[in-house]
Amino acid sequence: MTRYLIYTACFFLLIWSCRRGSDVRPSGPQPYTLNLPANFPQPVYDLSQNPLTVQGVALGRRLFYDPRLSRDSTISCGFCHQQFAAFAHFDHPLSHGIDNNTGFRSVPGLFNLIWQRDFMWDGGVNHLEIQPLTPITDPNEMGEDLAHLIAKLNADAKYRGLFNDAFGAGEINSQKVFKALAQFMATMNSFDSKYDSVMRKAPGVQFTAEEASGYKIFQNNCASCHKEPLFTDGSYRNNGLPINASLHDAGRMRITNNTNDYLKFKVPSLRNIIKSPPYMHDGRFYDIFNVFEHYSSGIILQIPQTPTVDPLLRNGLPLTPSEQRDLYFFLNTLTDPGFINSKALSEIVITN
Amino acid sequence: MKLHRLLIAFCVLCIACKKDIKEQEGTLQITFKNVVNGAALKLNTTNYTNAAGETFTISRFRYFISNIALIKMDNSELKLPAAYYLINEADSASKTIDIPAPGGEYRGITFMVGVDSIRNVSGAQTGALDPVSGMFWSWNSGYIMAQLEGTSPVSTAANNALTFHIGGFQGQYSALQTIPLISPISLSVSEIRHPQITINADAYAWFNQPNLVRFQTISTIHVPGEDAWKIATNYRNMFRITDVTDL
């Protein structure tokens, strides 16, 4: 009898719970699940403060590829951040902008941004969400006034709808724009290169003899700054490049006002490096072998050396031609084809 | 009997809650009156003289007020919920702020000129902190705490411009300033009493004490650092309570 009662109760409970479930129609933005690799550290960006949604990410992607974010509607974020170059600007040493303007630094690749503490070659931007403010408003880049941009978006019925879908009803403000862009940027992650497969011991994946030798050379010479698994330690260092007199770029010192930071720039990640030339903060090297040459013999040629040159580099990192070749093969294993071909990140043509 | 007790307990609870809500009620109104050496500030049209004897005009005068606390009669401080206000001379509505405050009697108020360090590192903000105001440095993240722009014939900058964008929230040259102001009469806040305070903010103080600023040598500041800190140390002295109406 008791059993019968329990069964009946369960049955009614089931009906009741089903009814409730069917009452709740899917409305509002749907959560977007971000799958992150177990061997990566905790993201720096606090995703709980800006939970990813399908609608938010899609809106961010549209904003990223919409040239109307620039003053004269010619340059989108994606104009300089090209997916096939891991979102760097292929073949462009210095950033380009509206009115034929040229910036004074190279376009960094965009990936694994949620693990980044600060942004820009000098680390001047302290949060992923406000990072886009710089290129949008910089007269050498997109040159748009933030208030004007927000007004443009509010006047656009399509955007009003998309923002409502992602963030609920209400005026479009800069916070929503930045949060949408941050949601899209949070999905630009690269951790599926051959290197990653080898590290995760994926069946059947191994380094070739050259790659394995290159990995050793990398570990002995490069890994202390280009720290695995992100291939950067996020620090600022002077890697011994002679100052480019025409650019007058003091690097990190511009932000900290500290002479100890003179000519220091952020250590960039080496992921997708072969896909994103030219190299260095001013794009002075078109070929990765020029970079090897700089570390191998270029630094010690400079007399006198700037006092802020990193102690690890003062005597250079001598590499024989065959070591350079193996290192090149290893760096190729850091290319993530799934990332640079991802349909979820690719350019969308905006027609309305 | 049991039900009876429960009912009494319930009533007590209701009364207790009601009283709590009542205590929260009250408003303090602050009106900022921007002046230069005591005279009302008029943008663009009036010539002023700084402490170094140089003439100048002001075209823009804005500053953030935040982290407001009330000074209780025993000198302890009562922090109010986080709120940020951008006082803008060009926008008269911005110069009067209504602050919800718990009922009680207070000796004065303290507030921060600027935006505390936490909000400088917390990503995209809204309201008064929306960077759409332009009171935010994009290349070196952080709020411009206070801004004074104008002209002076002795300025060596293009178009004789004066550009004082004061900011920096960290390190030895942090521009953050917390200002305590004791009211000439105590402030009674309650459901029926809404004190109104008028605070003069004197732009003259920016260039006067303790760091005399000559426009001939300093006419442009738009980075955090020692110069910005010097001005912030000066404008720390710019506020005076000039009037209190206890309604």
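Keep in mind that what you see is a predicted model, and the values were worked out from it rather than measured. (Residues numbered from 1 in each chain as written. Chains lettered and ligands numbered in written order. Predicted model: local features only at pLDDT ≥ 70, side-chain atom pairs only at ≥ 80, totals over all residues. Heavy atoms only, no water.)

## Remarks on the interface of chain A and chain B
As a reminder, the rule being used: In what follows, a contact means two residues having at least one pair of non-hydrogen atoms within 4.5 Å. Accessible area, probed at 1.4 Å, shrinks when two parts are joined; the buried area is that loss added up over both. Polar contact is defined as a pair of N or O atoms within 3.5 Å, subject to the rule that within protein one atom must be able to donate a hydrogen and the other to accept it, and that residues adjacent in sequence are counted only when both atoms are side-chain atoms. For helices the rule is a DSSP run of H or I covering at least 4 residues; for strands it is a run of E covering at least 2, with both sets numbered from the N terminus onward.
The interface is formed by 19 residues belonging to chain A together with 18 residues belonging to chain B. The junction of chain A with chain B conceals about 1,500 Å² of combined surface from both sides, 56% of it contributed by carbon and sulfur atoms. Ranking the residues of chain A by area buried against chain B places Asn 126, Ile 130 and Gln 175 of chain A at the top, with a combined share of 29%. Applying the counting rule to chain A against chain B returns eight residue pairs in polar contact (both at pLDDT 80 or more). Among the secondary structure elements, those contributing two or more residues to the side of chain A that touches chain B are α4 (133-137), α5 (146-154), α7 (174-186) and α10 (253-256) of chain A.

## Considerations on the domain arrangement of chain A
Residue and element names in this part refer to chain A. Just so we agree on the cut-off: Annotation comment: domain bounds sourced from an automatic or database domain assignment.
Domain boundaries in chain A define domain 1 (47-189) and domain 2 (194-338). The distance between the C-alpha centroids of domain 1 and domain 2 comes to 27 Å. For the pair domain 1 and domain 2, the summed buried area comes to about 2,000 Å², and 55% of that belongs to carbon and sulfur atoms. Three residues, Phe 104, Trp 121 and Asp 122, lead the burial of domain 1 against domain 2; their summed loss comes to 30% of the area buried on that side.

## Considerations on the packing of α5 of chain A against α7 of chain A
Residues and elements named next belong to chain A. Quick reminder of the rule: Interaxial angles span 0 to 180 degrees and are taken between N-to-C directions of axes, which are lines fitted to C-alpha atoms, for helices over the stretch in contact. With respect to orientation, any angle under 35 degrees is reported as roughly parallel, any angle over 145 as roughly antiparallel, any angle of 65 to 115 as roughly perpendicular, and every other angle as oblique. Asp, Glu, Lys and Arg are counted as charged, while Ala, Val, Leu, Ile, Met, Phe, Trp, Tyr, Cys and Pro are counted as nonpolar; the rest, among them Gly, fall into the polar class.
Interaxial distance between α5 and α7 falls to 10 Å at its minimum, and their mutual angle equals 85°. Here α5 is positioned roughly perpendicular relative to α7, judged by the angle of their axes. Residues Leu 146, Ile 150 and Leu 153 of α5 touch α7, and the partners they reach there are Ser 174, Val 177 and Phe 178. By residue class, the composition of the contact of α5 with α7 is five nonpolar, one polar and no charged.

## Details of the packing of helix α2 (residues 54-64) of chain A against α7 of chain A
Residues and elements named next belong to chain A. Relative orientation of the contacting elements α2 and α7 amounts to 100°, with a least axis distance of 7 Å. As far as their axial angle goes, α7 and α2 are roughly perpendicular. Along its contact with α2, which presents Gly 56, Val 57, Leu 59, Gly 60, Arg 61, Leu 63 and Phe 64, the element α7 presents Val 177, Ala 180, Leu 181, Gln 183 and Phe 184. Grouping the amino acids of the contact of α2 with α7 by side-chain chemistry returns eight nonpolar, three polar and one charged.

## Things to note about α2 of chain A
The test is simple: Accessible area is worked out with a 1.4 Å probe on protein chains only. A residue is then buried under 20% of its type maximum, exposed over 50%, and partly exposed in between.
Counting buried residues along α2 of chain A, eight of its 11 residues qualify, which places the element largely inside the surrounding structure. Contacts from the buried residues of α2 of chain A go to α3 (77-80), α5, α6 (157-167) and α7 of chain A.

## Points about the side chain of Ser 152 of chain B
Residue and element names in this part refer to chain B. Inspection of the secondary structure assignment puts Ser 152 in the loop between β10 (142-151) and β11 (161-167). A polar contact of 2.7 Å, which involves the side chain of Ser 152, links it to the backbone oxygen of Thr 55. In this structure Ser 152 touches Thr 55, Phe 56, Asn 160, Leu 162 and Phe 215, once residues within four positions along its chain are discounted.

## A few points about the pairing of strand β4 (residues 55-72) of chain B
Residues and elements named next belong to chain B. Rule in force here: Strands pair, by our definition, only if DSSP identifies at least two bridges between them.
In terms of burial, β4 is a largely internal element, 13 of the 18 residues being buried. Relative to β4, strand β3 (residues 48-49) runs antiparallel, the two sharing two bridges. Counted as the bridge partner of Tyr 48 is Phe 56 from β4. Joining the antiparallel neighbours β3 and β4 is a turn of five residues, in which Gly 53 adopts a positive phi near 85°. In this structure, β4 lies alongside β10, joined through six bridges in antiparallel fashion. Among the inter-strand pairings, Arg 60 is bridged to a residue of β10, identified as Glu 149. Strand direction decides the pairing type here: β4 and strand β6 (residues 84-88), joined by five bridges, are antiparallel. Residue pairing in the sheet places Ile 65 in a bridge with Tyr 85 of β6. Note that β4 and strand β8 (residues 104-113) share six bridges and pair antiparallel.

## Considerations on α5 of chain A
Residues and elements named next belong to chain A. Definition in use: Working note: the arc is built from the helix axis to C-beta atom directions.
Among all positions in α5, only Leu 146, Leu 149, Ile 150, Leu 153 and Asn 154 are buried. Looking down the long axis of α5, one finds its buried residues gathered within 135° of arc, a one-sided arrangement. For α5, the elements touching its buried residues are α2, α4, α6 and α7. The opening residue of α5, the one whose side-chain oxygen lies 3.3 Å from the backbone nitrogen of Ala 147, is Asp 145.

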